[in-house]
Amino acid sequence: MLQYVIAGLALGGIYAIASAGLVITYVSSGILNFAFGALAYFVARFYYFLHTQHGWGILPSAVVAIGLCAPAIGIVLYGILFRFMRLSSPLIKVVATVGLLVAVPSLATLIFGNQAIQAAPGLAPEPVRVFHVIGVPVTLDQVIVYCCVVATVIIGAAVLRYTDVGLKVRAMVDSPAMTGLSGTNPGAVSVGVWAVSIFFAGLAGVLAAPTIGLDPINFTILVAAAFAAVIAAKLRSLPIAVSVGLLMGIVTSLIQRYLPSDSNWTTEIVDAIPFMVIAVVLLYNLVRRGSFGDAERVGGPLDRAIVPQGESRLAGSTASALDAGSIGLLGRYAGPALLMVVATVLPLIVQGFWVGLFAQAFAYGIIFLSWTLVVGEGGMLWLCQITFAGVGALTASQLAVNHGWPVLAAIVVGGLVALPMGLIVGFLSIRLGDLYVALVTLTFGLLMENLVFTQNIFVNQGLGVNMNRPTFAGSDLAFTYLSLAAFAVVALFIVNLRRSTTGLALNAVRWSEPAAKTTGISVVQMKVLVAGLAALVAGIGGGFLAAAQTSAQPGNFATFAGIVWLAVLVTVGVRSNVAALVAGIAFVMMPSLAQAYLPTWTANIPPVLFGLGAIGVAKFPDGTLAQQGQAFRRFLQSRIDRRPAPLAVAMAGDGPTGTIPTGPSTPPAPPSPRVTQDVSP
Amino acid sequence: MTPTSPETVSPTAPGRPTGDVAGVPVLAAREVSVRFGGLRALSDVSIEVAPASIVGLVGPNGAGKTTLFGVLSGLLRPSSGRVSLRGEDVTEASPQLRARKGLARTFQQPELFMGLTVREHLVLAHRVRFARRRLLTDMFNPRALFGSKASEDERVDALLELLDLTRVAHAPVAALPLGTSRLVEVGRALAGQPDVILLDEPLSGLDLRASENLTEVFRRVVANPDHQVSLLMVEHDVAAVLALSSTIFVLDFGELIAQGTPEHIRNDPAVRAAYLGEEPPVSRTGTDLAFNGTDAS
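The structure presented is a predicted model; accordingly, all values stated were derived computationally and were not measured.

Let's talk about the overall build of chain B
Tallying secondary structure elements over chain B gives 11 helices and 10 strands in all. Within chain B, residue pairs in contact and separated by at least 24 positions form 72% of the contacts whose partners lie at least 6 positions apart.

Here's what the structure looks like:
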């Protein structure tokens, strides 16, 4: 028993250090850093680069990688990115870190090379010494982990409690605005916090590398597991996060003692333990309190008072709302119509292999439309749309191939199987708050990936399950047009939804939940509705993708691949149907074009670009390319139609309250800066 | 502006009892307390809003007015105490359920839906109350593609006219200044034909003319014999509150320190102390400033 506890403390220690870094970043900046694992990987890879590839000693490698490089990354990230996001909504911040999560591993490969790494060293010299503590073998690597955890707890607590710096950090946690007014530079404190946070990431990365290997996906899974401790700590309590991290490690180790070591189920259950912890914690809070209360709130009343309403929401900004109001029918529909024509013609121009790629691109477009629904219309960040696509694909292939169903019926039923999953996950998570929706959906995706997609009925010895195409669309070209038609149907449905009462209500929920509620709209009902619809669309898209690829492979629907998909869509634009189509084409064609016409090393450039594009959502909530499209539409509109916009007509006379700001080309100050808000309790 | 008669915007709202029950307040809070950790934001506060009345709620900054509005509208759960709407206990009811039962509110800083136009705000509020099913069924209706021919047009247009918002009806609200945004919030609240509206500083940010117009709208809406609406108004413009309200409640440090008619409140020593400090005013001019001026905070 003791042996398992000691072994578990090593894994738990890594969870604890990672969760400490996540909590520190969140409480001091309001950013839940989804890229923590990717950054941990980057530092660990740099350590390997110095120590193994270039023969540096352990100490200098550790000092340079963990002591210098990691804090420097934190400082740079704060300087070029996060300091501009202080007033952004939590979801915008999460998407920016998702962009980093996508970009950083590929960036590491570009910098350090893509050589295969069999075993990664830790901080202990090779061969690693083994001690015997009351008869239990303990490696020097494990001892170092224990020491790091103890040092983290003691030094962290002492600094926070007894030093001037700690006082400033605690003041920042309570209210950055008040801290600034008291003469402390919040920016300087934030720089320090980010440096410490990424230092923790680097430390956790180097400590974890000998156990989990130098694989970026494993690192992100490790940090996703650390999210369990962070959620148990309600994103804020450092002692609870560290304690739960340690406990999870011990429990994981103990469970391994009682499960058969030669069973696949053992591996699957052990991998799923952190996510089960998340599920239990969420359900407990949901049943006990109905919500996590104001856990997502960062800062004090003054900080909330100075946030202008709706300036930086996910999938929308005041400027884009103005833009939408100023564009006429021609400006609004000319671009999409032109793009549909291009999408229709292109498969006729290209040949062979490339035609089949277009079928896949349009199928991806359908899946991306599910994010257009749930993010663009629902204002929520769902990280498991790929899981719903997988459910649709695997169900459709089972029905079509093993049960002889007509292919289209199988695809629709695949979507219908995903629909209740979306409704249930939505119902359980939405009332907890936006950040928890992101965390829960990530957890759900990983659970499905570990427990369901690994079943042999789907894996089929690694071959997957074949998927037919409808007999009337058996050729690549015919199926390409069938996919495009399906995309058009879903896109038209979304257009209709936006213009309907449902769309008005969703818009209301997206922009102001308190006002929506007091107008009589059930926020949970509307969000669950759009989540279910999005799951349905993703499931159908997954079915089409499987048919386009002529097989349903569970490995194609890994949760982290879905995060890359999201980054692609966010880069192009998450509120536009056309953007989903462009994103689908870009996602499929860019790697293939690079593979066909460019050197091999360039394969890592598209992920970096998509990651950087997702980071750009901080500046352009509608997506970078969508922003350019809006500018083009405004130009087109100004050339074709010189009539003044409705607002301009309204402004021509005396308004009821005097001067009205100028038109959309000069976005006015937000109508409700909360500078005069009563900050009384 | 020539305000349209509110009679044109007053159908029978669903979920409302037919006829008033004599003596039953349209909205009441009984011994409501709210604690935030160790801080007691409200202590055993009881207020009542009579049918077809304008009731003022005043107090210095930090008095607990916004907290009380949060409790009344359901956005905040009280630590203790009850809230009733037309005699029905709604303490445990969600904000949306209270809205469906006839409670509407505006916000201290207007909470508008940035992607919608002014008119769409009113249309949405109207449909939520009178055509609720459309929230779920409209997306499957292909006619939504070709624009709306809504039957509520007449009522919505009348409200727009009443609030002098017709000229900006199709403008995105993101472009509107603060004063107009307040009018849109009032319009959205009225569009649902509520029994009682909580108005959180409705006059702040309005110029004199707009303020007078809105005050007149409030009077007309309350006086409408076909559909009587009550208003509970938090307002720092004490002069306006004294002029408009039939009853006024005064909060200070989370406690109800006075209630009564404007005349009673004007002469209440506790109210004077709350606004001017414990020391009695040295000169009469100072007193007049507090109660005849525009902002007593």
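Some thoughts on helix α7 (residues 208–223) of chain B
Residues and elements named next belong to chain B. The terminal C-alpha atoms of α7 lie 23 Å apart, and with 16 residues this matches the ideal 22 Å at 1.5 Å per residue to within 8%. Listed in full, the buried residues belonging to α7 are Ala-210, Ser-211, Asn-213, Leu-214, Val-217, Phe-218 and Val-221. Down the axis of α7, the buried side of the element spans an arc of 160°, and every buried residue falls inside it. Exposed residues pointing more than 90 degrees away from the buried face of α7 are listed as Leu-208 and Ala-223. In the core, the buried residues of α7 are packed alongside β3 (54–58), α5 (153–162), α6 (178–191), β8 (230–234) and α8 (238–244).

A word on the environment of Ala-223 of chain B
One can find Ala-223 of chain B in helix α7. A C-alpha to C-alpha distance of 26 Å links Ala-223 of chain B and Ala-258 of chain B, two positions 35 residues apart in sequence.

Observations regarding the packing of helix α9 (residues 216–232) of chain A against helix α10 (residues 238–258) of chain A
All names here are of chain A. As a packed pair, α9 and α10 sit with axes 8 Å apart at the nearest point and diverge in direction by 135°. Taken together, the axis directions place α9 and α10 in an arrangement best described as oblique. Considering the relative orientation of α9 and α10, their crossing is right-handed. Residue-level inspection shows Ala-226, Ala-228, Ala-229, Val-230 and Ala-232 of α9 in contact with α10, the latter providing Ile-240, Ala-241, Val-244, Gly-245 and Met-248. When grouped by side-chain class, the residues that make up the contact of α9 with α10 number 9 nonpolar, 1 polar and no charged.

Things to note about the nonpolar core
Residues and elements named next belong to chain A. Leu-39, Val-43, Val-206, Ala-226, Ala-228, Ile-366 and Leu-569 are the most contacted members of the largest nonpolar core, which totals 303 residues. Looking at this core, the element that brings in the most residues is helix α23 (residues 523–549), giving 18 residues. Counting the residues that make up this core, at least three belong to each of domain 1 (2–256 + 264–276) and domain 2 (361–635). The residues contacting Leu-569, other than those within four sequence positions of it, are Phe-368, Trp-371, Val-574, Ala-579, Ala-580 and Ala-583.

Parameters and conventions
- Residue numbers here run from 1 along each chain, matching the order of that chain's written sequence.
- Here chains are named by letter from A upward and ligands by number from 1 upward, in the order in which they appear as written.
- In keeping with the predicted nature of the model, local features appear solely for residues at pLDDT of at least 70, side-chain atom pairs appear and are counted solely at 80 or more, and the whole-chain, interface and lining totals rest on all residues.
- The way it works is that DSSP assigns letters per residue, a run of H or I at least four long becomes a helix, a run of E at least two long becomes a strand, and they are numbered from the N terminus.
- Throughout, a pair of residues is in contact if the C-beta atoms placed from their backbones lie within 7 Å.
- For a helix, the expected span equals 1.5 Å multiplied by the number of residues minus one.
- To sort residues by burial, count the other C-beta atoms lying within 10 Å of each one's C-beta; a count of 20 or more means buried, 12 or fewer means exposed, and anything in between means partly exposed. C-beta atoms are built from the backbone.
- Our arc is simply the arc of the directions from the helix axis toward the C-beta atoms.
- The angle between two axes is taken between their N-to-C directions and runs from 0 to 180 degrees, where each axis is a line fitted to C-alpha atoms and a helix contributes only its stretch in contact.
- Should an angle fall under 35 degrees it is taken as roughly parallel, and over 145 as roughly antiparallel, whereas 65 to 115 is taken as roughly perpendicular and any remaining angle as oblique.
- Whether a crossing is left-handed or right-handed is set by the direction in which the near helix is turned from the far one by less than a right angle, anticlockwise for left-handed and clockwise for right-handed.
- Each residue gets one of three labels, nonpolar for Ala, Val, Leu, Ile, Met, Phe, Trp, Tyr, Cys and Pro, charged for Asp, Glu, Lys and Arg, and polar for the others, Gly among them.
- In these notes, a nonpolar core means any group of buried Ala, Val, Leu, Ile, Met, Phe, Trp, Tyr and Cys residues linked to one another through C-beta atoms within 7 Å.
- Boundaries between domains were set according to an automatic or database domain assignment.

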